[in-house]
Amino acid sequence: MKANQTNKYLVTAVLLGIIVHGTSIFFTLERTYDALIHLFFANHYATSWFEPWNYSWYTGFTVMGYPPLVHQIIGALSLVGGLKFGMFTLAFVGIILFITGVYRFTLVLIPDKKVAGYAAILAVFSSSFVETLHIFGQLPSIIGISVLMHALPEIYLWLKTARKRHLFKALALLSVTVTSHHVTPIFGMVFFIFPLIGMVIMDATREKVSTNREVTLMLFIKTLWSHLRRIIIFGASALVLIVVCILPYWINSKKNPITQVPIPHGSRDNFLEVTSSGLAFFIIPWGILLLLLPYFYYRYYSKRLLFFGISFTLLSILGTGGTTPIPLKILGENAFNILTLDRFTLWASIMALPAFGEFCYRFVEGDYKEYLQAKWGSLLHRAAGGFLAGVFIAIAIFTVTLGKFRPSQPATLNMLPIVNFLNQDNHDKWRYLPLGFGDQMAWLSALTPATTVDGDYHSARRLPELTSRAVERLENSKYRGIEGIGSLQQFLTVPEKYHLKYVFSNDKFYDPLLYFTGWHRLSVLENGIQVWEKAGIEPLPSFIPKEDVALFQKLMWGTIPFLTVIIALLLHLKSMWTRSFKKGRERAAAYFNFIPSRHRIPGLLYRISLVWVVLMTGFFCFGMYLFYIKSEEQLSPENAVMAYYDAMDFKEFERAHSYIDPQSGKSIAQFMLEISVSDGLLSSYAKLDRIDVELTAATDSTAHAVARMEWVTPLKIIETTDSLQLVKRKGDWFLRAESVDPDIPPDQLLTENTTAWYNHGKRKITSEQTYHEDILKQPVVEVLSARLVQRDSLFYIVGEIQNVDNIPADISVTGALYDAQNREQARYNAQDLVKHKLLPKETTPFRIDFIEIQKDSVLRDIENFEVQVKANVATTDLYQAVAPSALNQKDRQLTGFLFNPTTEAATIPQLLLAYYNENQQLVWVDATYVDESVRQQRKQPFQLNLYTGAWPQICASGLSTVSVNGLPNQSISDKIVPFRTDFGNAQELIEISGMPYRYLSITPNAYIGNPR
């Protein structure tokens, strides 16, 4: 029959969706935020379907914190063609489900097959769907909302006809939604199903009268009462499904509530202040729909769709994030800080698609076409249609390609060398930490059984070191500034606590932090990843504890999600088979009995729409003007300075050179040469965090500017102030070239005799983790002094350590605090306030801070302390590159030069400062980093501020509780240096005047960025 003919618009939409998205997901999906995380979870189910505990992340976590259906389907498909085959296959299914879901959802709201066909075609290019798929990679969200839209017609038919088959089909689809994405059905009940129930009652009320005007509140209430039994049956059944289908999830949520400190998310920003968040979470999802908001509100606030109008309004407001205070007041502080509010904008844009489809139908071939052609003429009408279509498709194309022009992930990594390294020599018996991997760390975890302390699903973590920080992942901790670096430092400083032995660095930003916390470089893998190792870390125990759950939970988790899909498919296949032999009259009578009448466009809507379009166009033009003013790089002196430092920050040196005065005579070759010889913490490891430019003098052709900048580095925050001269040439502003340091080394060719050490490693080919013949003797080190001091109510342990052996030592210093009852109150390691690599007979001061521990609790009644030193053979990073000279004290400042006599450039010099009292007793240790490197045979001036804080009080002192490599320190002293004297110690100390301390010693320590 004609009523059952295939809708050509729907077929066109499905084909377009497969072609458009099918050809692009192979280039975008793997580089999205979430896709690889879903692959990781899918790999878990593919390898251990019924086991909810996963050891790969966070020292172990349960996968029952996220509904499993999507991951289980990918895992099942991976048995056929691999994980990526499963992911792409499910992505195709999601594309088809979304397009057909929009079609069926539109039929419920606007019962017109042609309008629904238009909406389905528009859904293909919906910028919110494109962003969710190609930028965010949120497959569970797509599957969840798509299946929910398929369930809405069945809910409508159940409430309208009370036929049980519709109830069963609706509940089956709803159960698939629940097991796909738990947030979608919960909020879907509020924003989709509740309005649908109101619309059903409104339709039933309308059928009892002849006109809309006769629909009154009392009649609506009576109709609601007559349908109340059906509503209650569906509501109760849906509630049971939401609970039962993912019952283990709810049990786990109660047992392990989320204690994570809220992690900032762009969807909660003020979009007027953070324009990048506004683009990603507001402008792109809405797209061209913003121009048509008056029409959407007009349609959804009609009597029949009134409840959808309320829902649409709430979703639109909640999607504004922190731009207005309304979302915070509606959701409450807890929900506001946990939820990502972009989901509300996604649902609002999806809810707008039916009305958008109707608008396009009426604009192209309906009453709007006649009305507008009569007002504008056919040419202008067609031009307007072409403009809307062009902008709509252009936004979709822009969204798909956004990841290409503004990558949100590091370049694709070849994981095979890392996997091979972890498989080699039982390296997977220790935990590892990736740095600078982005979401590709999830793909690495899926490829190897080795475990990491980091992870990519922050709701699942339970380690206090992670949950107490607003840091999403350790691997990208630098983007959270000092807080992120501080969180990472805890794991790098006490790696033995987590059995963390290897770090894979894909970002040299973290390398200085690794060096100064006692890690050493192993090698660079074939894919360019630098491997760092921590010596003396014990392997993971053979049996790692886990949180087990009851057997019935494992069975439910492993069987119910797949059963929901099977049941839903069987019910719909049966329905399709039955419908094939019927004429469809019953369905048509229940489903298409109310068709909205076409009527003349209200003049008020037309005028409001024109005013709205003019306003939006004005806002857009004003925004583009502001963007031009701020981004036109040489329009003003401020812009030129900002552009120059932006280019330097991103190492775009050719662009930076283009802002240099062309009449200065500095060629690009000379500019690049000057850049190549500059190095150091500020030049190579700093990220610009803030810049303020102030004009102190300006004329029509010249200007003087002061740039105050704040740089984030892995070791400290650096604040700089640069004074710049600018000149205007042919309408563009340029910076005058700066002079170069003329320091020249004394000799062009330098010869250096060195003593080198090489650890051969295994001398016998064996798979044994430790072979007796290859065990090296641990170096002998001695603790010369150790004291427990208190400053500003905080406790510290300070002291000195000497390598008394004839081989280099890699040392790790652990301190513990005890109360009067000898109960341990705190334990921590020396971080960067110690020289971890000691040459034979070399001495270093050390300081152990307990600040991270004392942040969470106050230490009281501390009476004693303990120091444990572990020493292992060191063979790398042993360069002693710099030495201080020409020291001069002036008030509270100490100035001097660092001279580098070696063949290695000291990339980041560190000066360990040991402060002594008048009795030459070490009382305090501090450190400072020199921002610029010291090149070979050159000197670098430095200036440091002497310690002027509260003078520490000595609480305890002595070596009786000090041990080295498990042996009492005193036994080492008695055996190795039985007749130790303090002869010569005084000559190493620098006398200081006018301070509470009397002496100072400086121990240089330098990080070599690129050893030759």
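Keep in mind that what you see is a predicted model, and the values were worked out from it rather than measured.

Let us now look at the overall build of the chain. A count of helical and extended segments in the chain gives 33 helices and 27 strands. Considering only C-alpha atoms, the chain reaches an extent of 110 × 80 × 55 Å along its principal axes. A buried classification covers 53% of the 1012 residues belonging to the chain. Distance between charge centres in the chain, computed from 92 positive and 87 negative side chains, equals 16 Å.

This next bit is on the pairing of strand S18 (residues 883–890). Direction of pairing for S18 relative to strand S19 (residues 893–899): antiparallel, over a ladder of six bridges. Bridge pairing links Asn888 to Thr895 in S19. Count of turn residues in the S18/S19 antiparallel hairpin: two residues, of which Asp891 carries a positive phi of about 60°.

With 13 residues, helix H3 (residues 35–47) extends 19 Å from end C-alpha to end C-alpha; this agrees with the ideal 18 Å at 1.5 Å per step. For H3, the full list of buried residues reads Ala35, Leu36, Ile37, His38, Leu39, Phe40, Phe41, Ala42, Asn43, His44 and Tyr45.

This paragraph deals with the nonpolar core. Core analysis: the largest hydrophobic core is formed by 220 residues, its most contacted members being Trp57, Phe296, Phe344, Phe356, Phe504 and Tyr645. Excluding residues that lie within four positions of it along the chain, Phe504 makes contacts with Ile418, Phe421, Leu422, Tyr432, Leu433, Pro434, Leu435, Phe437, Leu525, Ile529, Gln530 and Val531. The next biggest cluster of nonpolar side chains, apart from the first, holds 31 residues, and it includes Tyr796, Ala881, Tyr915 and Ile1002.

A few words on the pattern of salt bridges. Should their charged atoms come close, side chains of opposite charge can pair. One pass over the structure, following the stated rule, counts 39 salt bridges. Note that Glu694 and Arg708 form a salt bridge whose closest N and O atoms lie 2.9 Å from each other. Pair noted here: Glu694 is in strand S7 (residues 687–698) and Arg708 is in strand S8 (residues 702–712), with a separation of 14 residues, a long-range link. Judged by its relative accessible area of 39%, Glu694 falls in the partly exposed class. Measuring nitrogen to oxygen at the nearest pair gives 3.6 Å for the salt bridge that ties Asp810 to Lys837. Residue Asp810 is located in strand S13 (residues 809–819), and its partner Lys837 is located in strand S15 (residues 837–838); the two are separated by 27 residues in the primary sequence.

Turning next to helix H1 (residues 8–22). Between its first and last C-alpha atoms H1 spans 20 Å; for 15 residues at 1.5 Å apiece the expected length is 21 Å, and the two agree. Among the residues making up H1, those that are buried are Tyr9, Leu10, Ala13, Val14, Gly17, His21 and Gly22. Down the axis of H1, the sector holding all buried residues measures 165°, keeping them to one side. Residues of H1 that are exposed and point more than 90 degrees away from the buried face comprise Lys8 and Ile19. Of the surrounding secondary structure, the elements contacted by the buried residues of H1 are helix H2 (25–28), helix H5 (83–109), helix H6 (113–124), helix H7 (127–136) and helix H17 (342–365). Looking at where H1 begins, the residue whose side-chain oxygen comes 2.8 Å from the main-chain nitrogen of Tyr9 is Asn7.

The next subject is the side chain of Gln802. Considering the arrangement of structural elements, one finds Gln802 in strand S12 (residues 794–803). According to the relative accessible area criterion, Gln802 is buried, its value standing at 13%. In this structure the side chain of Gln802 is engaged in a polar contact, spanning 3.3 Å, whose partner is the backbone oxygen of Lys841.

Burial along S19 is one-sided: the face carrying Leu894, Gly896 and Leu898 is buried and the face carrying Gln893, Thr895, Phe897 and Phe899 is not. Sheet topology note: the S19/strand S22 (residues 939–945) ladder contains seven bridges and is antiparallel. Along S22, the bridge assignment pairs Phe899 with Lys939.

The next thing to look at is the packing of aromatic side chains. Applying the stated rule across the entire model yields 60 aromatic pairs. Ring geometry for Phe40 versus Phe61: centroids 6.4 Å apart, planes at 25°, classification stacked. You can see Phe40 sitting in helix H3 and its partner Phe61 sitting in strand S2 (residues 61–62), a full 21 residues away along the chain. Phe61 matches Phe40 in its accessibility class, with the two residues each being buried. Geometrically, the ring pair formed by Tyr371 and Tyr606 is edge-to-face, given 5.6 Å between the ring centres and 75° between the ring planes. Of the two residues, Tyr371 sits in helix H18 (residues 367–376) while Tyr606 sits in helix H27 (residues 603–631), which places them 235 residues apart along the sequence. For Tyr606, a relative accessible area of 16% translates into the label buried. One residue, Lys687, lies across the ring of Phe650, its end atom 3.8 Å from the ring centre.

The subject of this paragraph is the sheet that holds S8. Judged by pairing direction, the sheet is antiparallel, and its four strands sit side by side in the order S7-S8-S9-S10 without closing on themselves. Whereas interior strands pair on both sides, the edge strands pair on one side only; in this sheet they are S7 and strand S10 (732–735). Neighbour to neighbour, the strand axes of the sheet diverge by 30° on average, direction disregarded. One ladder, built from 10 bridges, connects S7 with S8; its direction is antiparallel. For Arg690, the partnering residue across the bridge sits in S8 and is Glu710. Against the sheet, helix H28 (residues 637–649) engages S7, S8, strand S9 (717–729) and S10, with an angle of about 155° to S7.

Rules used in this analysis
Residues numbered from 1 in each chain as written. Predicted model: local features only at pLDDT ≥ 70, side-chain atom pairs only at ≥ 80, totals over all residues. Heavy atoms only, no water. Helix = DSSP H or I, 4+ residues; strand = E, 2+ residues; numbered from the N terminus. Buried < 20%, exposed > 50% of the residue type's maximum accessible area, 1.4 Å probe, protein only. Lys, Arg positive; Asp, Glu negative; His and termini not counted. Charge placed at Lys NZ, Arg CZ, Asp CG, Glu CD. Pairing = 2+ DSSP bridges. Expected span 1.5 Å × (residues − 1). Core = buried A, V, L, I, M, F, W, Y, C linked by side-chain atoms within 4.5 Å. Contact = heavy atoms within 4.5 Å. Salt bridge = Lys/Arg side-chain N within 4 Å of Asp/Glu carboxyl O. Arc of directions from axis to C-beta. Polar contact = N/O pair within 3.5 Å; in protein donor to acceptor, adjacent residues only side chain to side chain. Phe/Tyr/Trp six-rings, centres within 6.5 Å; stacked < 30°, edge-to-face > 60°. Lys NZ or Arg CZ within 6 Å of the ring centre and 35° of its normal. Axes fitted to C-alpha atoms, helices over the stretch in contact; angles between N-to-C directions.

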